[in-house]
Amino acid sequence: MEVPRNLTLLRDNVVETMHIFRLPLGRCSSWCDGEPGDTILYTGCLYQTMEIVLRRGRFLDMVTKDPDRDFMARLAKIFMSLGPVYRLFIDPGEGRVYNLPRKALNILRRLGYKVGCLREEPYPGMLLYEFGFDREFREYAARVYEYLRDRGVKRLVTIDPHVYELMKYIYPEYVPGYDLEVVNYIDLVLEALRDGRARLRNPGYSVTYHDPCHYSKSRHRRIIDEPREIIKSSGVELREPLRTRRFSMCCGGPIETYYSRLSREIAKRRLAELREAGGDKILVACPICLVSFESVGGRVMDLIEFLDENLVVGDGVE
Amino acid sequence: MVWSRYVRKLNETILDQEFRTGVERAVEAYEKGIYRLLSEHPESYRYAEEVRRIKEESLRNIDTLVKRLEKRCRERGINFFYAETREAARRYIAGVVGSGKTIVKSKSMVTEEMDLRAVLEENGNEVWETDLGEFIVQLAGDEPMHIVTPSIHYSRHRVAKLLKERFGVEFDPDDVEGMVRYATGLLREKYFKADVGIVGANSLSVEEPAVVLVHNEGNIRMVLNTPRTLIVVADIAKLVPTMEDAIKVGLTASRFSKYLVTGYYDVFTFAKSHAEYGPREIHLVLVDGGRSRLIKDPEAWEAALCIKCGACMYVCTSYQIVGGRFGGKAYPSGIGAIVSSFTFGLDESLPALYTCLLDGRCYEICPMDIDIPGIIRRLRARAMGSL
Ligand code: SF4
């Protein structure tokens, strides 16, 4: 069986270091103040990883542009084993995307939810699952589960569609005895808005919302109306792109690792479609969508940013 | 190797503006049409549910159905051939046809899959694809890009150029009607000259052996009726118990191809009474070619429910860029990648299996509710598990 080396490279990274790019787990969570608790914000390092994809795109592209670039993947493997030198190079620091979890945590706490976090956050292994490394994923998921349980975690709050779906619906299939409760922050925010604990002020621009695939076309649970209800509650005008809701279009991100040209073409096409819808801002709810669009010249806003910007808690005086 | 070849093709296609425009136009027309059709005719979903039950039941009893069909065919003097492999099917058909013959063909994926046209031509026969889209693909020496509309990647300019190159006739590219008239005129002659007609099948009924063919151009009627020898080629997953079932399959497939009604719904029964005007000699070639393994596969069998409506292809994110370059041979996109993992092998199909974004647009539209992304992920796991 011929398998592109960039797939196995990432597999090995995850299995060996619990981080896609072999960074120390602490590099996933400098946004975390270490507040303990049995309910934690669990980001699965996804936003943080996507910051790397966004900022180190040129390097990653060399490795991943085509699945037949075995040679580059081999070189990358050697480079990655250089430890500190490599880490200095690959770590883009804490930019905008990296810091979205910090904003999310802040939003949740302002809404009165008691949410802790981990100073060292493992990657949940989505890549292993999607690429079909099932055997590795089974073992890995058990490790992650144990890791979380050992730290007293009982309930996860997730802020993106991939980690949400994986931890809520896939983990139970693979990890015997899995008993973590998994909550989506969208539900928590909506609950607070509905019962009047908070409201969103109208920023005065119109928005086009892009449904992430794993909210809109999930086999498990569809989160299509909830984000819309949140957005509309602010009074902004919500525009729908040509392909929307159940038939929204993928951003191209999932195949970025080995078919990056096709992936980019998909992103460009969808971005054009989103622009055509005419909203002043394009709103996404997934770090992969965010980075896919921004990598091809788009400027989009994450739902977390929209909330952070416009959330008013109580009578506005905190 | 497999990967390099594949990715090179993908990347070339991305840069082919004419190709992209053609695909873009087709998928947009489809998406606009289908959502309207389904909302105005929600009964289509009811048809689909019923057909899913029929097909499920048929797949469960596939061995019995095949045996029964063989018996029923023999009772009617129909030549029945069960081809375990593509190779066997090719050999049988080549034997029936011989050489020096003229053959008219309807569009059929399974014959595309086995390169039947090339084999027959090598043996010194003249083969004509009568579906206009497939005819264009044949002239160009290309591969079909969609199972319902094979030549979506050809602009009228390219078609005009092809006609000039192949037949020396000049057409204004805007004169689409003129080009169609020319092609149908040319084919009309061939029907009456043809010794052998070859058709595929939307579905095949067993109890009263019959083939259901749904089409828009009327060409299949000619292929069925004019030549003296008729060869029906179908894969085994096309079998359903009764004629009623078979008609429902055809009707549902055309609905999800976005036709409220198509030009023709043909039911051709294998009855003796054809001899006056129709074919004197009828052959039914049932092709397995890896499908019985698919049908019995606990993780992937659902893919054999496919009624080839083509909906999942039009709506597929990757397909909307690179068309049928993503998928298996003659069977584009995710569902094609799955089936070709069985018909051509997992190794060969791996690059296609990894082209899927697992985003699930296909699953949303599929009338048979096939969990295409789920099966793709499981096949990836099977391949990776064997590392
Ligand atoms: S998989 Fe479903 S949507 Fe695709 S061609 Fe088959 S029946 Fe139609």
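Residues numbered from 1 in each chain as written. Chains lettered and ligands numbered in written order. Predicted model: local features only at pLDDT ≥ 70, side-chain atom pairs only at ≥ 80, totals over all residues. Heavy atoms only, no water.

A. Seen up close, the overall build of chain A. The helix and strand inventory of chain A stands at 15 helices and nine strands. Reported as C-alpha extents along the three principal axes, the dimensions of chain A are approximately 55 × 45 × 35 Å. Here chain A, with 318 residues, has 62% of them falling under the buried criterion. Residue pairs in contact within chain A that sit at least 24 positions apart in sequence constitute 78% of those at least 6 positions apart. Of the roughly 12,000 Å² of accessible surface on chain A, 49% is carried by carbon and sulfur atoms. (Helix = DSSP H or I, 4+ residues; strand = E, 2+ residues; numbered from the N terminus. Buried < 20%, exposed > 50% of the residue type's maximum accessible area, 1.4 Å probe, protein only. Contact = heavy atoms within 4.5 Å. Areas by Shrake-Rupley, 256 points an atom, 1.4 Å probe, with all protein chains shown as cover.)

B. Up close: helix α15 (residues 303–310) of chain A. Residue and element names in this part refer to chain A. Counting buried residues along α15, six of its eight residues qualify, which places the element largely inside the surrounding structure. L303, I304, E305, F306, L307 and N310 are the residues of α15 that are buried. Between the side-chain oxygen of the N-cap and the backbone nitrogen of I304 there are 2.8 Å, and the N-cap of α15 in question is D302. (Polar contact = N/O pair within 3.5 Å; in protein donor to acceptor, adjacent residues only side chain to side chain.)

C. Seen up close, the interface of chain A and chain B. With 40 residues of chain A at the contact, the number on the chain B side is 44 residues. Connecting chain A to chain B are seven salt bridges. Our count for the chain A to chain B interface comes out at 20 residue pairs in polar contact (both at pLDDT 80 or more). Every element with two or more residues in the side of chain A that touches chain B is listed here: α1 (5–17), α7 (126–131), α8 (134–150), α11 (213–216) and α13 (260–276) of chain A. A per-element tally of the side of chain A that touches chain B places α13 of chain A first, with five residues. Here the side of chain A that touches chain B is built from residues that sort into 19 nonpolar, six polar and 15 charged. (Salt bridge = Lys/Arg side-chain N within 4 Å of Asp/Glu carboxyl O. Nonpolar A, V, L, I, M, F, W, Y, C, P; charged D, E, K, R; others polar.)

D. Main features of empty space enclosed by the protein. Residue and element names in this part refer to chain B. Under the criterion given, the structure shown has seven cavities of 30 Å³ or more. A volume near 100 Å³ is recorded for the largest cavity. Lining the largest cavity are 16 residues, with C316, F326, C356, D359 and C362 positioned closest to its centre. Every element with two or more residues in the lining of the largest cavity is listed here: α16 (333–343), α18 (361–365) and α19 (372–385). Split into classes, the residues belonging to the lining of the largest cavity amount to nine nonpolar, five polar and two charged. (1 Å grid on protein atoms, 1.4 Å probe; cavity = no way out; pocket = protein on both sides within 12 Å on 5 of 7 lines; lining within 4 Å. Points joined across faces, edges and corners; volume = space filled by probe spheres on them.)

E. Spatial organisation of the packing of aromatic side chains. Taken as a whole and assessed by the stated rule, the structure comprises 27 aromatic pairs over all chains. Residues Y258 of chain A and Y354 of chain B carry aromatic rings whose centres are separated by 5.8 Å and whose planes lie at 80 degrees to one another, so their mutual orientation is edge-to-face. Linking Y258 of chain A in the loop between β6 (238–239) and α13 with Y354 of chain B in the loop between α17 (346–353) and α18, this pair reaches from one chain into another. The same class applies to Y258 of chain A as to Y354 of chain B, namely buried. An aromatic cluster of at least three residues, connected via ring pairs, comprises Y129, F137, Y145, Y171, Y174 and Y178 of chain A. Here the basic side chain of R158 of chain B rests over the ring of Y154 of chain B, its NZ or CZ set 5.7 Å away from the ring centre. (Phe/Tyr/Trp six-rings, centres within 6.5 Å; stacked < 30°, edge-to-face > 60°. Lys NZ or Arg CZ within 6 Å of the ring centre and 35° of its normal.)

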